[in-house]
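Listed here are the chains, written in short residue letters.
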Amino acid sequence: MTRTVLLFVLLSCVTNTYAQQMQLEVIPLKNRTAEQIIDVIRPILPSGATVSGIKNQLIVKSTPANLAEIKQLLDSIDQPLRRLLITVSNNRDLSLSSQSQSITGQVGSDNVSVRNNSSRIARSQSTVISGVDSDGNRITYRANNTQTDTNSTNSYTLQTLDGQPAFIQSGLSLPIQNQQIFVNRNGVIVQDTTEYVEAISGFYVLPRVNGDRVNVMVTPNQTSVSGRVSPTFVVQNAQTTVSGRLGEWIEIGGINTTSEDSNQRILSNNQSKQTDSLTILIKVEEIR
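Remember, predicted model here, so these are calculated numbers, not experimental data.

Asker: Residue-level account of the overall build of the protein chain, with values.
Answerer: A count of helices and strands for the protein chain gives three helices and 14 strands. The 288 residues of the protein chain split such that 24% are buried. By element, 50% of the accessible surface of the protein chain is carried by carbon and sulfur atoms, the whole surface being about 19500 Å².

Asker: Let's hear about helix α3 (residues 64-77): which residues, and what values?
Answerer: Taking 1.5 Å of rise per residue, the 14 residues of α3 would be expected to cover 20 Å, and the 20 Å separating its terminal C-alpha atoms lies within 8% of that figure. Every buried residue belonging to α3 is among N66, L67, I70 and L74, and all of these are buried. For α3, the arc enclosing every buried residue in end-on projection is 100°, short of the 170-degree limit, so these residues lie on one face. In α3, the exposed positions angled more than 90 degrees off the buried face are occupied by A65, Q72 and D75. Contacts made by the buried residues of α3 are with β1 (23-28), α2 (34-41) and β3 (57-62).

Asker: Describe α2, with residues and values.
Answerer: Looking at α2, one finds that the buried residues are A34, I37, I38 and I41. Axial view of α2: buried residues confined to an arc of 110°, hence all on one face. Opposite the buried face of α2, at more than 90 degrees from it, the exposed residues are E35 and D39. Tucked into the core, α2 has its buried residues touching β2 (50-54), β3 and α3.

Asker: Can you explain a nonpolar patch on the surface? Please cite residues and give values.
Answerer: Where nonpolar side chains cluster on the molecular surface, the patch consists of I181, V183, V188 and V190 and spans about 410 Å² of accessible area. Of note, V183 is situated in strand β8 (residues 166-184).

Asker: Run through the packing of α2 against α3, naming residues and quoting values.
Answerer: Running from amino to carboxyl end, α2 crosses α3 at an angle of 125°, the nearest separation of the two axes being 12 Å. Looking at the two axes, α2 sits oblique to α3. The interaxial crossing formed by α2 with α3 has right-handed handedness. On α3, the residues touching I37, V40 and I41 of α2 are I70, L73, L74 and I77. Along the lines of polarity and charge, the residues of the contact of α2 with α3 split into seven nonpolar, no polar and no charged.

Cut-offs applied
- Residues numbered from 1 in each chain as written.
- Predicted model: local features only at pLDDT ≥ 70, side-chain atom pairs only at ≥ 80, totals over all residues.
- Heavy atoms only, no water.
- Helix = DSSP H or I, 4+ residues; strand = E, 2+ residues; numbered from the N terminus.
- Buried < 20%, exposed > 50% of the residue type's maximum accessible area, 1.4 Å probe, protein only.
- Areas by Shrake-Rupley, 256 points an atom, 1.4 Å probe, with all protein chains shown as cover.
- Expected span 1.5 Å × (residues − 1).
- Arc of directions from axis to C-beta.
- Contact = heavy atoms within 4.5 Å.
- Patch = residues over 30% accessible without salt bridge, like charges linked within 9 Å, V, L, I, M, F, W, Y side chains within 5 Å.
- Salt bridge = Lys/Arg side-chain N within 4 Å of Asp/Glu carboxyl O.
- Axes fitted to C-alpha atoms, helices over the stretch in contact; angles between N-to-C directions.
- Parallel < 35°, antiparallel > 145°, perpendicular 65-115°, else oblique.
- Left-handed = near helix turned anticlockwise from the far one by under 90°.
- Nonpolar A, V, L, I, M, F, W, Y, C, P; charged D, E, K, R; others polar.

In structure tokens:
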């Protein structure tokens, strides 16, 4: 027998012996599906072993020692799914400030009066200084300072299971008037139509719990509508994956915008500034 043939026989014997050590076993799952378990089992399989599954049955071909290891791992992970309460909060702070100064009229004497008006409700202050001469000519200085702060919070809450995606949304449908003009041989035809556009806010979330910590993939969507005659839709959304402890608020992200406008003329000055800040938070709690 040549050396090559001898080597082939030895390798065949080793392969047959190893193949005989492999066993095919169907393992029933109690609380999880095969799709949820396969990715956890695959890294601990030895060379030549296979794993597949259908619904709540895991089909494994491996060595007896590895099968025992797999069953021990399943005892810890094939547990009832944890019930979770998820809250997503959108906090928006809108600040608008404006200042204006102007001088009008004429003055030719020292007959000057000063008047200062303030309003707590509107958070505005105005100062008027005026003077009148003996001929009735008047000069007036006006200064206005207005500060408006608005805070709004929208929160969404739902229940889901660990590892299960969930989606919640709320909103309304707004009628939008459209006008189409057609020209044909009979003249001009004007057709008015109404189209309903949905303004929807909500979020999609997928939580995965490990001990007292949670990883969450979340996609919140916030839609606001301004204007009545010609509605304007403002859409804000984000998609991210965050992690933190159960029961704690986790910041997903935020949007900050600032706009300024200035208008200067002779003897007058107008300035305005708007700051818009949006912060998105999420909290995952276990329901026992």
